[in-house]
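Report on the structure
So the chains spell out like this:
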Amino acid sequence: MTTLVDNLFNGLALGAVYALIALGFVTIFKASGVLSFTHGSLLLLGGYLTAILHDDLGFAGALALAVLATAAVAGLLDRYVLQRIGTDPHAAHVATIATIGVDIVLVTDLSRRIGGDLLGLGDPWGDAVTDMGPATVADSRIAAIIVSAVAIAGAFALFRFTPWGLSLRAAAEDSEAAALMGVRLTRVRMLAWCLAGALAALAAVFLAAFPAPGLERTTGQIALKAFPAAILGGMASPVGALVGSLLIGLTEAFVAGYQSDLHVLGEGFGDVAPYAVMVLVLLVRPAGLFAARGAARV
């Protein structure tokens, strides 16, 4: 029972953090049709800024500044790099490839700055734990669930109740018609990138927190685990991103928790389990679990 509860909390915490990243994937895709591969570098940037600033500004101040700075960098990348490629459907494919190059440049520079160090982010949870029935749960896991839930609720409120959210939904439905109705598509997609960058920076805090040893130059690679979550739910579905992230998080946690019983699948199966789940689901639902009827295959 203890192992079950531990795995459940770990899975929910991982899923909540993956949801922050996957929601960024989906928001950018809805706004521009671009499948962004820059999330790993944006996540690493947000974590790095928090790590180097928390001694001077405190954790809350450093995190706030890191989120704003990462959001600004993401928005500027879209406005002055990707939008120059073009905004038509063919250009979206080229821009997707361009995000790989942008990610390589950013990750290379940040990896050089971090080197072989493990950077602490100064989070207030430290290695504290809380007893919850038969299990002992790290406070960082509890914080990840709560903070992610608040951030995701805020993002959904933006989608539903703001003019930008209405413009985003219109652009996702028919970008040409939205433009003819006066929607400024360049502003919509730039703000979508800003939101995705802010969510990635927030996710970095919990990916580097206990029980992780800290922020390292490979931390950004964890963002790729949120990619199957976005694909699972359907690339144009924020709700699908949330459900897919929870499914991936729980899968990873339970596979890791019961690794000894799954030894026949290999010691590294936990690393590929999210992708195995993605493939199995796409065999049944090629467009994703929550894709609209008639959607194209992802």
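The structure we're discussing is the one just above.
For the structure given in this document, a descriptive report is provided here. (Residues numbered from 1 in each chain as written. Predicted model: local features only at pLDDT ≥ 70, side-chain atom pairs only at ≥ 80, totals over all residues. Heavy atoms only, no water.)

Right, let's get into the pairing of strand S1 (residues 129–132). Sheet faces and side chains relate simply in a regular strand, where the side chains alternate between the two faces. Note that S1 and strand S2 (residues 135–138) share four bridges and pair antiparallel. Of the residues in S2, the one forming a bridge with Met 132 is Ala 135. From the end of S1 to the start of S2, which pair antiparallel, there are two residues, and Gly 133 there has a positive phi angle of about 65 degrees. (Pairing = 2+ DSSP bridges. Helix = DSSP H or I, 4+ residues; strand = E, 2+ residues; numbered from the N terminus.)

In this section: the environment of Glu 252. Mapped onto the fold, Glu 252 is located in helix H9 (residues 238–257). Under the relative-accessibility criterion, Glu 252 is labelled buried at 12%. Spatially, the C-alpha atom of Glu 252 lies 8.4 Å from that of Leu 14, the residues being 238 residues apart in sequence. At a separation of 2.6 Å, a polar atom in the side chain of Glu 252 contacts the side chain of Tyr 18. (Buried < 20%, exposed > 50% of the residue type's maximum accessible area, 1.4 Å probe, protein only. Polar contact = N/O pair within 3.5 Å; in protein donor to acceptor, adjacent residues only side chain to side chain.)

It is worth spelling out helix H5 (residues 163–173) at this point. Every α-helix winds through 3.6 residues per turn, so residues three or four apart in the chain are directed the same way. When H5 is considered as a whole, its buried residues turn out to be Trp 164, Gly 165, Ser 167, Leu 168 and Ala 171. Buried residues in H5, looked at end-on, bunch into an arc of 160 degrees, giving them a common side. Turned more than 90 degrees from where H5 packs its buried face, Pro 163, Leu 166 and Glu 173 sit exposed. (Arc of directions from axis to C-beta.)

Turning our attention to the packing of helix H4 (residues 139–161) against helix H7 (residues 185–208). In the contact formed by H4 and H7, the axes pass within 10 Å of each other and the chain directions differ by 170 degrees. The angle between the axes of H4 and H7 places the two elements in the roughly antiparallel class. Each of Ser 140, Ala 143, Ala 144, Val 147, Ala 151, Leu 158 and Phe 159 in H4 lies in contact with H7, whose residues at this interface are Leu 195, Leu 199, Leu 202 and Phe 206. (Axes fitted to C-alpha atoms, helices over the stretch in contact; angles between N-to-C directions. Parallel < 35°, antiparallel > 145°, perpendicular 65-115°, else oblique. Contact = heavy atoms within 4.5 Å.)

Quick look at the nonpolar core now. The nonpolar side chains of a soluble globular protein tend to be buried with one another. In this structure, Ile 21 and Leu 43 are the most contacted members of the largest nonpolar core, which totals 75 residues. For this core, the leading source of residues is H7, giving 17 residues. Not counting residues within four places of it along the chain, the set of residues in contact with Ile 21 comprises His 39, Leu 43, Ala 203, Leu 207, Ala 223 and Ala 226. (Core = buried A, V, L, I, M, F, W, Y, C linked by side-chain atoms within 4.5 Å.)

Turning our eyes to something else, we now look at the environment of Val 277. Locating Val 277 in the fold gives a position in helix H10 (residues 269–284). The class for Val 277 is buried, based on a relative accessible area of 16%. Sequence separation between Val 277 and Thr 251 is 26 residues, and the spatial gap between their C-alpha atoms is 8.1 Å. Sequence-distant contacts of Val 277, that is, excluding residues within four places in its chain, are made with Leu 232, Leu 247, Ile 248 and Thr 251.

Right, let's talk about a nonpolar patch on the surface for a bit. A grouping of Val 239, Val 243, Leu 247, Leu 289 and Phe 290 is seen on the molecular surface, where their side chains present a nonpolar patch of about 350 Å² in accessible area. Structurally, the position occupied by Leu 289 is in the segment after H10. Take Leu 289: its relative accessible area is 32%, and that puts it in the partly exposed class. (Patch = residues over 30% accessible without salt bridge, like charges linked within 9 Å, V, L, I, M, F, W, Y side chains within 5 Å. Areas by Shrake-Rupley, 256 points an atom, 1.4 Å probe, with all protein chains shown as cover. Salt bridge = Lys/Arg side-chain N within 4 Å of Asp/Glu carboxyl O.)

Time to look at the pattern of salt bridges. Inspection of the entire model under this criterion finds four salt bridges. The partner of Arg 112 in a salt bridge is Asp 109, with the nearest N and O atoms 2.8 Å apart. A residue pair is termed a helical-turn pair when its members lie 3 or 4 positions apart in one helix, as Arg 112 and Asp 109 do in helix H3 (residues 89–114) at three residues. For Glu 252, the salt bridge identified is with Lys 225, shortest N-O distance 2.9 Å.

When you line up the elements, Ser 148 lands in helix H4. We classify Ser 148 as buried; its relative accessible area is 0%. Among the polar contacts listed, one links the side chain of Ser 148 to the backbone oxygen of Ala 144, at a separation of 2.7 Å.

Considering all chains together, one arrives at six aromatic pairs under this definition. Both rings, one in Phe 37 and one in Phe 227, keep their centres 5.9 Å apart while their planes meet at 35 degrees; by these two values the pair is tilted. In this pair, Phe 37 sits in the loop between helix H1 (2–32) and helix H2 (39–82) while Phe 227 sits in helix H8 (residues 226–233), placing the two residues 190 residues apart along the sequence. Phe 37 sits in the partly exposed class, given a relative accessible area of 28%. Here the aromatic rings of Phe 156 and Phe 159 are separated by 6.0 Å at their centres, their planes lie at 70 degrees, and the arrangement is edge-to-face. Residue Phe 156 and its partner Phe 159 are located together in helix H4, separated by three residues, close to a single helical turn. (Phe/Tyr/Trp six-rings, centres within 6.5 Å; stacked < 30°, edge-to-face > 60°.)

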